[in-house]
Structures are given as C-alpha cells and as structure tokens.
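Per-entry structural report
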Amino acid sequence: MFSKETYIQRRSVLKQLVGQGIVVLFGNNEAPCNYPSNCYAPMRQDSTFLYFFGQHRDGLVGVIDIDNDEEWLFGDDIDVEDIVWMGFTPSVADLAAEVGVQKTAPLKSLASHLSPHATNNIHFLPPYRHDTKILIMDLLGIHPSKQKEAASLPLIKAVVKMRATKEPQEIAAIDRACNVGYTMHTTAQRLIRPGITERYVGGQVDGVARSQASGTSFATIFSQHGEIMHGSPTESPLETGRLALCDAGCELDDYCSDHTRTMPVSGRFTQRQLEIYSIVEACHDYVLEVAKPGVRYLDVHMAVCRMMTDRLKELGLMRGDTDEAVHAGAHAMFLPHGLGHMMGMDVHDMEGLGQIYVGFDDETRPNLSQFGTNCLRMGRRLEEGFVVTDEPGIYFIPQLIDEWRSSGHCAEFLNFDKLETYKDFGGIRIEDDVLITADGCRFLGDRRIPYHPQELEAFMAQ
C-alpha cells in the first residue's frame, strides 16, 4: 500500500476527469476453487479498486459521489467466527481511514444509497467476475449480458489515462517485481537439462514467485513446444536437442513482471537454432533503439516485422518484396501476435476495460481483419511513464504451415518446402519489460536475465 495521500490524490483526479455522477468500484470476493470453503489463494483484489482504495480485503465496494464530493467504503466487519479461522482484520472504518475515506457503511446499505440516483448517472467498469455481475444486476437492474455495453465510457477512459502513466513509486514496484523475475528465470536456466520434466522446472519457477513475491502474475508457461503460445508445463521430460521456452512473471506489491526466455535443453544451441534465435534477439534489441515518447508502438511492431522478414529471406524461409510480404501478413506465419502489451498492476494492464481503449486510441485503431495483426494489444503512441513488454518471437506451427500451404495463402512470400523441414523446431520468444522515459526507454529491473547466446550458454554451463 502506498501513502494515504496517494489514494486521496488519485480519487481527486478521477473526479475531475469523470466530471459528474457516482463512481462505483467493486472490489473482489473470495473465489471458490472446487467447493465453497476451498478458495483460490491468495485472494486477488480488483486492480482498479486497489489503485483508488488500496485495500486487499474481500467484500468491499468503493463509491465516489462526484456531485456531492463524498467518498464511501462499503463492506461488513469481520465477526469473531471468521477471526477464529482467518485472524483479526481491521474494521471497515479503519480500512477506510488508512486511505483517506471518511464515510463507511455496511454492504447491505449500498442498494439504498444508490437507488435515488438514475442508472445512467452511475459509473461502473466492465465486470469480469460472475458474483460482481449478479451484484450489479441486483443494484441497478442491468442483466449480466448487457453490463459490458452499459459500463461507463467516461470512467473507462479516465482510469486508462491515469493507470497508463506510471508514478515513480509504481515504477519502483515494477523494478522490484522484475528483480524477482530475474530469479525465477535464472532458476529455470540453472535447472534445465535432459531428463528433467517440464512440470518440475515450472514448479520451481512458481516457487520463487510464491516465496519472494505474492505469487505469479499469470500461469507459468514452460514447454518444449514453444510454438504453443500458452503451453503449460507437462510431465514430459526435457529432450536433448530441443528448445525450452519459459514465459513467467510475479506480482509484488501489487505490480507485475513478465519475461520470456528460450533455452537449449542441451546447454548449447545448434546452428539452425542459433540462426532463428539471432533474428529474435535482433528484433528484441531493436525496440530499445526506437521506442520513445511520440512513436506509435504499431510502427515499432511493423518495423520489427520487416526486420524479421528480411532475415528470414536470408535463410530462404521467405521471399519476395519485404514491404509487400508484411502488408499481406505473410510474416504472421512466424509471428502471429503483437510485439507487446501494457503492463502494470495487471500483466496485460487494464485489458478487462477493453483493449481498444488501452492499447489504441482515436488516432490508432486496431486491424481486426488480418491474421496476426488482429492480435496486437498495443499500437498507440508511447508516452513517458508507459510500461510495455517487448516480446518478438518466431514460431513454427505445423498445423498453420499445413493450412496455409493447402490454401495457398501468401504462397508468393513463403517457401513451404523449406518450412516443412522446420515442423519439429518449436518456437522462440524473448521478452522484457520496458519503461518509456523522457527521451527513450529502458529495461525494468536491476539485473538482466541472460539472453545473448554466448552469455546464456555460459550461464547454463555454470
């Protein structure tokens, strides 16, 4: 938790940006895993509620009455039976005082508090949990199927504007999370060897996040099938000659890290692996040269795609005019996702508010009609204080190769005969978290997880 003044100031700015009405920010409740009293742990608070009200306890709702300049925290005090099992928890009044809120009331009084106000004067964000959707239906009479459309656009835009630009204390928190990320990934790099299972390495990576931070920021990806974007660890033993991809991050002090590294299971890259890896490495490092305030991340993404296409042409995997190939989307055979996304309190920061508002704006709109380009999460102009991921990759997906070959899609730009020989390759991704500074950008975290080939091989050989 930051200082009381931080939350007071944030709510004051929010009032100015939204302008009128009542803002209702729903905190999260415990989420049962497989029966009511066995919940996912630790409880994950809603990020926007945390941003403005700072408290992690379940069952809270924050209300900001702009017209009457009042702020409320609604929730029920914990009774002694809960204290026996879970320990002492401060009263709702005490929690409110910690973040500068003067008024509190039991949760059951929230309905009567909101009922005098017209529904279209009550601002709420798109809900993503079913219990919150049911509460909104009870309070406002809006069916869950209609709530996404009924969510307040002024509130969405105000929250995105505020959370997108990170305060110095937020940047420091992300730096700390990235330092734990360093330990997570170097743990994997030290463990990788033929015969050890994916699940064992993934479990050790998760253990670092749970012992040095609040836990993982998303489900850890660790797989020899790097061509699967979200490959979960399995019982499969690591095999000599394969590549292992680890995409993992932690949450610490409510902020995230997100890194990816791809390692040779045998400790050394084969020549073919090194040829592909060096392309991804060059694309990854290019971002550091060009990402700065005023530059559209869409343009950085497309420049990376052209660089990747040029290098793949040198290997004989692509052909033809580079600009024409990229315009046609041929590069998406190898890179079917965007260069990166916003990151902060959420690993895909604020994605629940609608990517069109987070990663795009009135100037830069998403292209939803082209495979690959339709998966860009971030395209808008960068601003000082933004935190984005830099995560180019090259993947050889057998089913995608087969589908494009059979349909002839982008055949003038792709060497399908050579692609056939890469079906057993897997995939490579390199990812770091980048802060946009006044005149450029920098990686977050004090230590860089080894990724340059010689450095990586030397580290794994220790």
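Here the structure is shown first, and the text comes after it.
Read on for an overview of the structure. Here the structure is a predicted model, which is why all the values come from computation and not from measurement.

Some words on the overall build of the chain
Regarding its fold elements, the chain presents 17 helices and 18 strands. Taken against the 2.2 N^0.38 rule, which gives 23 Å for 462 residues, the C-alpha radius of gyration of the chain at 24 Å falls within 12% of a compact globule. Across the 462 residues in the chain, those meeting the buried criterion constitute 55%. Considering only contacts in the chain between residues 6 or more positions apart, those separated by 24 or more positions represent 73%. If you sum the accessible surface of the chain, you get close to 19,700 Å²; carbon and sulfur atoms cover 51% of it.

A few points about helix α17 (residues 453–460)
Within α17, burial applies to Pro453, Leu456, Glu457, Phe459 and Met460. For α17, the arc enclosing every buried residue in end-on projection is 160°, short of the 170-degree limit, so these residues lie on one face.

Overview of the packing of helix α9 (residues 168–191) against α17
The N-to-C vectors of α9 and α17 enclose an angle of 70°; their axes lie 9 Å apart at closest approach. As far as their axial angle goes, α17 and α9 are roughly perpendicular. As for how α9 packs across α17, the hand of that crossing is right-handed. Two secondary-structure elements touch here, α9 through Tyr182, Thr186, Gln189 and Arg190 and α17 through Leu456, Phe459 and Met460.

Here we look at the state of the cysteines
Inspection of the entire model under this criterion finds 0 disulfides. For the unlinked cysteine Cys441, the closest cysteine sulfur is that of Cys178, found at 14 Å.

Regarding the sheet that holds strand β9 (residues 221–223)
Taking strand neighbours across the sheet as the criterion, the 3 strands line up as β9-β10-β13 in an open arrangement whose pairing is antiparallel. The sheet is open, and its two borders are formed by β9 and β13 (259–264), each paired with just one other strand. Direction aside, the axes of adjacent strands within the sheet are offset by 10° on average.

Overview of the side chain of Gln189
Within the element layout of this structure, Gln189 appears in helix α9. Discounting residues that sit within four places of it in the chain, Gln189 has contacts with Arg261, Met263, Ile449, Pro450, Leu456, Phe459 and Met460.

A look at the nonpolar core
Grouped together as the largest cluster of nonpolar side chains are 142 residues, with contacts concentrated most on Leu14, Ile276 and Phe334. Per element, the largest residue contribution to this core is 9 residues, and it comes from α9. Each residue touching Ile276, except ones within four places of it in the same chain, is listed here: Leu312, Leu315, Leu317, Ile394, Phe396, Tyr422, Phe425 and Ile428.

Let's talk about the sheet that holds strand β1 (residues 22–26)
The strands making up a sheet are joined through hydrogen bonds of the backbone, oriented either antiparallel or parallel. Strand order in the open sheet formed by 5 strands is β6-β5-β4-β1-β7, with mixed pairing between adjacent strands. With partners counted over all chains shown, the strands left at the sheet margins are β6 (103–105) and β7 (122–123), one partner each. The sheet strands contacting helix α1 (residues 4–18) are β1, β4 (61–65), β5 (70–74) and β7, and the helix crosses β4 at an angle near 55°.

What to know about unusual backbone geometry
Of the consecutive residues Ala41 and Pro42, the connecting peptide bond is found in the cis state with omega at -5°. With respect to the helices and strands, the residue Pro42 is situated in the loop between β3 (38–39) and α2 (47–53). One non-glycine residue with positive phi stands out, namely Asp253, at about 55°. Tracing the sequence through the fold places Asp253 in the loop between β11 (250–252) and β12 (255–256). Look at Met350: it is not a glycine, yet its phi comes out positive at around 65°. In this fold, Met350 is placed in the loop between α13 (322–328) and α14 (355–358).

The rules behind these values
Residues numbered from 1 in each chain as written. Predicted model: local features only at pLDDT ≥ 70, side-chain atom pairs only at ≥ 80, totals over all residues. Heavy atoms only, no water. Helix = DSSP H or I, 4+ residues; strand = E, 2+ residues; numbered from the N terminus. Rg over C-alpha atoms; globule rule 2.2 N^0.38 Å. Buried < 20%, exposed > 50% of the residue type's maximum accessible area, 1.4 Å probe, protein only. Contact = heavy atoms within 4.5 Å. Areas by Shrake-Rupley, 256 points an atom, 1.4 Å probe, with all protein chains shown as cover. Arc of directions from axis to C-beta. Axes fitted to C-alpha atoms, helices over the stretch in contact; angles between N-to-C directions. Parallel < 35°, antiparallel > 145°, perpendicular 65-115°, else oblique. Left-handed = near helix turned anticlockwise from the far one by under 90°. Disulfide = S-S within 2.5 Å. Pairing = 2+ DSSP bridges. Core = buried A, V, L, I, M, F, W, Y, C linked by side-chain atoms within 4.5 Å.

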